[in-house]
Amino acid sequence: MLKKENYNKKKEEIMKTCFDTFCKYGLAETSVNRLAEACKMSRGNFYNYFKNLDDLIIQSTSFCMTKVDEEVLKKAPTCPEEIDEFLDKIPTWACKKYGKKYRTMYQIYTHPKYYKEGKKFYEEANKRYQKYAEELEHTLKIPSDIIAPLIFVFAVAITNYSLFEDNYYLETQMKILNDGIKVYYQNHHVL
């Protein structure tokens, strides 16, 4: 069992390092040699963990961007009173901290070669967001079927802001989310 744990831990380290390398140099400028150097391992050693470079790209992108989603969602408000601050601060924080990762993910998943994997990633993200909405339902006093689409809009807004740093788009998306939540609370006498 320890060997499998060590194998999985090493594979995660490789995926993180490789994805960071893709973020730093771009997909086109990142060779297997550059990845091997960043991971301090031989080129051939990659094939103990991945079938080929495409497999490494697919797995590292999915793994690392799932971790980014988890980190952003950990910052979610724990009560209705925290929503304004969350919508005001977290998108720019996420862009500053993870902007290169969002841009790299977009570059990979919009490439025709990886489109199918991108679609799969987003289908899995939808399930994660739905599950997270169910967890937030009681703390925010909003049904999960209403929270889930709000999370989707929030995630798209962060991704777009990370890609283009368009303040107008971000501000309008956050305003729509904030106003929608306030209307819900007013109509349901939550606050």
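Anything mentioned here points back to the structure above.
Here is a short report on the structure shown in this document. Keep in mind that what you see is a predicted model, and the values were worked out from it rather than measured.

Calculation notes
- Residues numbered from 1 in each chain as written.
- Predicted model: local features only at pLDDT ≥ 70, side-chain atom pairs only at ≥ 80, totals over all residues.
- Heavy atoms only, no water.
- Phe/Tyr/Trp six-rings, centres within 6.5 Å; stacked < 30°, edge-to-face > 60°.
- Helix = DSSP H or I, 4+ residues; strand = E, 2+ residues; numbered from the N terminus.
- Buried < 20%, exposed > 50% of the residue type's maximum accessible area, 1.4 Å probe, protein only.
- Contact = heavy atoms within 4.5 Å.
- Salt bridge = Lys/Arg side-chain N within 4 Å of Asp/Glu carboxyl O.

**Points about the packing of aromatic side chains**
Applying the stated criterion across every chain, the model contains seven aromatic pairs. Ring plane angle 25° and centroid distance 4.9 Å describe the contact between Phe-86 and Phe-154, whose orientation is recorded as stacked. Residue Phe-86 is found in helix H4 (residues 83-109), and its partner Phe-154 is found in helix H6 (residues 144-164); the two are separated by 68 residues along the sequence. No difference in accessibility class separates Phe-86 from Phe-154, as the two residues are buried.

**As for the environment of Ile-57**
Take Ile-57: it is sitting in helix H3 (residues 53-74). The buried category is assigned to Ile-57, whose relative accessible area is 4%. Setting aside chain neighbours within four positions, we find Ile-57 in contact with Phe-22, Leu-27, Ile-108 and Tyr-114.

**A closer look at the pattern of salt bridges**
What the rule picks out here adds up to nine salt bridges. Where Lys-89 meets Glu-85, a salt bridge forms, and the shortest distance between an N and an O atom there is 3.3 Å. Of this pair, Lys-89 and Glu-85 both sit in helix H4, four residues apart, roughly one helical turn. Since its relative accessible area comes to 46%, Lys-89 is described here as partly exposed.

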